[in-house]
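Letter by letter, the chains look like this.
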Amino acid sequence: MKIRIAPSLLAADFTRLAEEVHRAERAGADMLHCDVMDGVYVPNISFGFPVIRQISKITPLPLDVHMMTSCPRKYIDVLRDAGALIVTVHSDAMAPDEVKETIRAIRDTGMVAALALRPACPAEEILPYVPDIGMVLVMTVEPGFGGQKYIPASTRRIAEARRMFTDYGLDTDIEVDGGIKRDNVDIVLNAGATVIVAGSAVYSGDVYENTKAFADHFKEWEAAH
Ligand code: DX5
Ligand code: ZN
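Here the structure is a predicted model, which means the values were calculated and not measured.

*Asks:* Could you clarify how one ought to interpret the layout of surface pockets in this entry?
*Replies:* If a probe the size of a water molecule is rolled over the atoms, the empty space left behind becomes visible. Its boundaries defined by the atoms lining it, the largest pocket holds a volume of some 240 Å³. Around the largest pocket, the lining is made up of 26 residues, and of these Phe145, Gly146, Gly147, Asp177 and Gly178 lie nearest the centre. Sorting the residues of the lining of the largest pocket by element identifies strand 2 (32–37), strand 3 (63–68), strand 8 (195–198) and helix 7 (200–203) as the ones contributing at least two each. Of the residues belonging to the lining of the largest pocket, the class tally is twelve nonpolar, ten polar and four charged.

Put into structure tokens, the structure is as follows:
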């Protein structure tokens, strides 16, 4: 399967955001991961729709928006208008009977709907939604902050999610997010992850070199598997 690198802008230098975007783009980034936090669903506030709209105007890269907000349903239209391509929501950020409706509403706009699993959520939680989602995001740290350490129990959750999609005859993307570095990325690739989010591993240091190192590694990995 194709492996993709999604640098997370949360770790970028916001005073030079355009440059940070373009350097990742030139180095072969496949998409840009945008973390939206509302200080309610997670104990942190990041950036919102005006910033995403500006980013979408300066790059052809798909924007992968990770909604760490309560009631994500109410932001779907504004996300589409801001240029998002993938919208990832946490099912525990809404009432259980709203999950299907929210996924459908995202898809109705033409965007890709993805569900995120916090570290405490077992992979089976996505079971009722497997045929409807374009991607699952397995959180490999607690959502809310960049720069945390990969939680080792995540590896089994990634493998379980992969098994679940395979059982359905699907090769749905599995995105992993949190604490992924060059020295542990093979663990998540071997478990079945296909979209790799990297914040501090890309943006603390040379953005171009770091993004390119991931992209080159993924080409080698694809060729060997
Ligand atoms: C954390 C965010 C992540 C974060 C990852 O809640 O969802 O996308 O930017 O950052 P690193 O790669 O530094 O763990
Ligand atoms: Zn994220």
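More follows now that the structure is in view.
*Asks:* I tried to follow the site of ligand 1 on my own but got confused; where do I start?
*Replies:* Near ligand 1, the surroundings consist of 20 residues, among which Ser8, Asp35, Gly144, Asp177 and Ser200 are the closest. Measuring from an oxygen atom of ligand 1, one finds a side-chain N or O atom of His33 at 3.3 Å. Asp177 has a polar side-chain atom sitting 2.6 Å from an oxygen atom of ligand 1. Across the complex, the protein chains shield 99% of the 380 Å² of accessible surface that ligand 1 would expose by itself. Placement of ligand 1 is best described as lying within the largest pocket. Only strand 2, strand 3 and strand 8 provide two or more residues apiece to the shell around ligand 1.

*Asks:* Mind showing me how you'd approach unusual backbone geometry here?
*Replies:* A negative phi angle is the norm for most residues apart from glycine, just as the trans form is the norm for most peptide bonds. Phi at Cys71 is positive, roughly 50°, even though this residue is not glycine. Tracing the backbone through its elements, the reader meets Cys71 in the loop between strand 3 and helix 3 (76–81).

About the criteria used
Residues numbered from 1 in each chain as written. Chains lettered and ligands numbered in written order. Predicted model: local features only at pLDDT ≥ 70, side-chain atom pairs only at ≥ 80, totals over all residues. Heavy atoms only, no water. 1 Å grid on protein atoms, 1.4 Å probe; cavity = no way out; pocket = protein on both sides within 12 Å on 5 of 7 lines; lining within 4 Å. Points joined across faces, edges and corners; volume = space filled by probe spheres on them. Helix = DSSP H or I, 4+ residues; strand = E, 2+ residues; numbered from the N terminus. Nonpolar A, V, L, I, M, F, W, Y, C, P; charged D, E, K, R; others polar. Near = heavy atom within 4 Å. Polar contact = N/O pair within 3.5 Å; in protein donor to acceptor, adjacent residues only side chain to side chain. Areas by Shrake-Rupley, 256 points an atom, 1.4 Å probe, with all protein chains shown as cover. Sits in = over half its atoms within 2 Å of the grid points.

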